[in-house]
Amino acid sequence: QVQLVESGGGLVQPGNSLRLSCTTSGSGISLGTVGWYRQAPGKQRELVADITRTGRTNYKESAKGRFTISRDDQKNTVDLQMNNLKPEDTAVYYCYVVGVHDGFGFDFWGQGTQVTVSS
């Protein structure tokens, strides 16, 4: 059985940093492209960043230069380091993973973690 656990959200002041982490657990897992999305109140969910198995990354324009996505395929984790946070980064952040588990494909959303940037 595949489980997805996120951690790392919180309340920070503008200019500060947070690191989000997402761990996929279960036997025989091989992850494909994984990413982080966010949804602010009254807005649609949007891609923040994703990373392929080969390490190719893709970022939302406003995240470039401030956020860094990384993955560890030994631990089945994907992290999002967020620096110089701004109030407009406030949202619920969701991990999204695509992969194979015991020969069957899957895709999962994390439960979401709140990030609030406010002075």
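Here's a quick rundown of the structure.

Conventions we followed
Residues numbered from 1 in each chain as written. Predicted model: local features only at pLDDT ≥ 70, side-chain atom pairs only at ≥ 80, totals over all residues. Heavy atoms only, no water. Salt bridge = Lys/Arg side-chain N within 4 Å of Asp/Glu carboxyl O. Phe/Tyr/Trp six-rings, centres within 6.5 Å; stacked < 30°, edge-to-face > 60°. Helix = DSSP H or I, 4+ residues; strand = E, 2+ residues; numbered from the N terminus. Lys NZ or Arg CZ within 6 Å of the ring centre and 35° of its normal.

1. With respect to the pattern of salt bridges
Here comes step 1: If you walk through the whole model with that rule in mind, you get seven salt bridges.
Here comes step 2: Across the salt bridge formed by Lys64 and Glu61, the nearest N and O atoms sit 3.1 Å from each other.
Here comes step 3: Across the salt bridge formed by Arg71 and Asp73, the nearest N and O atoms sit 3.0 Å from each other.

2. Comments concerning the packing of aromatic side chains
Here comes step 1: One pass over the structure, following the stated rule, counts five aromatic pairs.
Here comes step 2: Ring centres of Tyr37 and Tyr96 lie 6.0 Å apart, and the angle between their planes is 85°; on these two criteria the pair is classed as edge-to-face. Separated by 59 residues along the polypeptide, Tyr37 in strand β4 (residues 29-39) and Tyr96 in strand β9 (residues 91-101) bring together distant segments of the chain.
Here comes step 3: An aromatic cluster is defined as three or more aromatic residues linked by ring pairs; in this entry it consists of Tyr37, Tyr94, Tyr96 and Trp109.
Here comes step 4: The cationic tip of Arg45 hangs over the ring face of Tyr94; the distance from NZ or CZ to the ring centre is 3.7 Å.
Here comes step 5: Between the NZ or CZ atom of Arg45 and the centre of the ring of Trp109, over which it lies, the distance is 4.6 Å.

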